[in-house]
Amino acid sequence: MQHLLHNRKNKFRGISVDMLYYRCTKAYRLCEFACLMNALTLVQPRLGPYLQEVGYEMWSRAYSKGRRYNIMTTNISECINAILVKERELPVTALAEEMRSLVQRWHYERRTEAEKCKTRLTPTAETLLSEQYQLSMRMPRTCSCRRFQLEQLSCAYGMIAIRHSKRDVYDLCFEYYNSSTWKATYAGMVYPLPHQGDWVVPNEVCDVKVLSPDIRSVSGRRRKSRISSVGENAQHQKCSRCRQLGHHRKTCQNPIPLHESQHSNSSQLHSSGPSQNV
């Protein structure tokens, strides 16, 4: 969704339609989506056919073929790359051990948090359900929002029907929102690997010859951060010492003008106060 927005900024310059685009992505009903797309196309006529060519099911909630469960992004690979920036320079075996240790820590933290849950649903689902229940208390008894079909969690209109039929509000919640499912997800253990000298490697694995990758090494220092997408706003560091971009205070090697150095020294003397004789 974000990459598609950055591509839009690069290919179709002009009036910003970011708010209309986000409303299109998060619309539940097809009629609401069509109305917003018509308004977006009126502002930028070439953008409508481009989004249709990409495929509405790829970025919109209304045309999603599966159950999104309110998840509108798939950037887990970029998150893993950001976490393993330093570890990627290690050998393959050490990198695999770092990834195993990371998964083990995640499982432990989430399993500990899940064990503290005493409600029928997860805390996030309980909060959403409570918000929809409060909203249902002041809404008319009609429903066509498609929110329940996509998120499998009762919407405010569904709450009205549940109260009218005197049923339990948890009966219409999908099992993935149950706290028991949450606990079962992290119930498995991730065990540490033994010392490399104690590994039992099969003969067919030992006989395999692992060749180096068939790629040409690029001269210069290897890139650690990912290449920004077209139109993506890059965040630049600003040094608090020399006020220049691209580095921070600890790595700053730029000379400071004499008048700024004297000004900083005098300010430090004033802040410390007059010296006292003993």
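Draft legend 1. The packing of helix α3 (residues 30-43) against helix α4 (residues 47-54), seen in detail. Close contact between α3 and α4 brings their axes to 8 Å; oriented N to C, the two are set at 130°. The pairing of α3 with α4 is recorded here as oblique in orientation. The residues of α4 that touch α3, namely those facing Met 37, Leu 40 and Thr 41, are Leu 47, Gly 48 and Leu 51. Of the residues belonging to the contact of α3 with α4, the class tally is four nonpolar, two polar and no charged.

Draft legend 2. Spotlight on empty space enclosed by the protein. In total, this model carries one cavity of 30 Å³ or more according to the counting rule given. In terms of lining, the largest cavity is formed by Leu 128, Gln 132, Arg 147, Glu 151, Leu 153 and Ser 154. Those elements that place two or more of their residues in the lining of the largest cavity are α7 (123-136) and α8 (147-151). Tallied by class, the residues present in the lining of the largest cavity amount to two nonpolar, two polar and two charged.

Draft legend 3. The arrangement of the pattern of salt bridges in detail. As enumerated under the stated definition, the model contains three salt bridges in all. The partner of Arg 100 in a salt bridge is Glu 97, with the nearest N and O atoms 2.7 Å apart. Taken together, the residues span about one helical turn, with Arg 100 and Glu 97 both in helix α6 (residues 92-115) at a distance of three residues. The residue Asp 168 makes a salt bridge to Arg 120 at a minimum N-O spacing of 3.3 Å. In this pair, Asp 168 sits in the loop between α9 (156-165) and α10 (179-185) while Arg 120 sits in the loop between α6 and α7, placing the two residues 48 residues apart along the sequence. Taking the relative accessible area as the measure of exposure, Asp 168 reaches 34% and is therefore partly exposed.

Draft legend 4. A nonpolar patch on the surface, seen in detail. There is a patch of nonpolar side chains on the surface, built from Leu 193, Trp 199, Val 201 and Val 205 and spanning about 350 Å² of accessible area. If you trace the backbone, Leu 193 turns up in the loop between α10 and α11 (203-206).

Draft legend 5. Expanded view of the nonpolar core. Membership of the largest hydrophobic core comes to 16 residues, with the highest contact counts inside it found for Cys 24, Phe 33, Met 37, Leu 40, Leu 51 and Trp 59. For this core, the secondary structure elements donating two or more residues are α2 (18-26), α3 and α4. In terms of residue count, α3 provides more of this core than any other element does, four residues in total.

Draft legend 6. Structural view of the packing of α2 against α3. Direction vectors running N to C along α2 and α3 enclose 155°, while the axes themselves pass 9 Å from each other. By the angle between their directions, the pair α2 and α3 is classed as roughly antiparallel. For the pair α2 and α3, the crossing hand works out as left-handed. Residues Leu 20, Tyr 21, Arg 23 and Cys 24 of α2 form the contact with α3, whose own contacting residues are Phe 33, Leu 36, Met 37, Ala 39, Leu 40 and Val 43. Partitioning the contact of α2 with α3 into residue classes produces nine nonpolar, no polar and one charged.

Reading the values: rules and limits
- Residues numbered from 1 in each chain as written.
- Predicted model: local features only at pLDDT ≥ 70, side-chain atom pairs only at ≥ 80, totals over all residues.
- Heavy atoms only, no water.
- Axes fitted to C-alpha atoms, helices over the stretch in contact; angles between N-to-C directions.
- Helix = DSSP H or I, 4+ residues; strand = E, 2+ residues; numbered from the N terminus.
- Parallel < 35°, antiparallel > 145°, perpendicular 65-115°, else oblique.
- Contact = heavy atoms within 4.5 Å.
- Nonpolar A, V, L, I, M, F, W, Y, C, P; charged D, E, K, R; others polar.
- 1 Å grid on protein atoms, 1.4 Å probe; cavity = no way out; pocket = protein on both sides within 12 Å on 5 of 7 lines; lining within 4 Å.
- Points joined across faces, edges and corners; volume = space filled by probe spheres on them.
- Salt bridge = Lys/Arg side-chain N within 4 Å of Asp/Glu carboxyl O.
- Buried < 20%, exposed > 50% of the residue type's maximum accessible area, 1.4 Å probe, protein only.
- Patch = residues over 30% accessible without salt bridge, like charges linked within 9 Å, V, L, I, M, F, W, Y side chains within 5 Å.
- Areas by Shrake-Rupley, 256 points an atom, 1.4 Å probe, with all protein chains shown as cover.
- Core = buried A, V, L, I, M, F, W, Y, C linked by side-chain atoms within 4.5 Å.
- Left-handed = near helix turned anticlockwise from the far one by under 90°.

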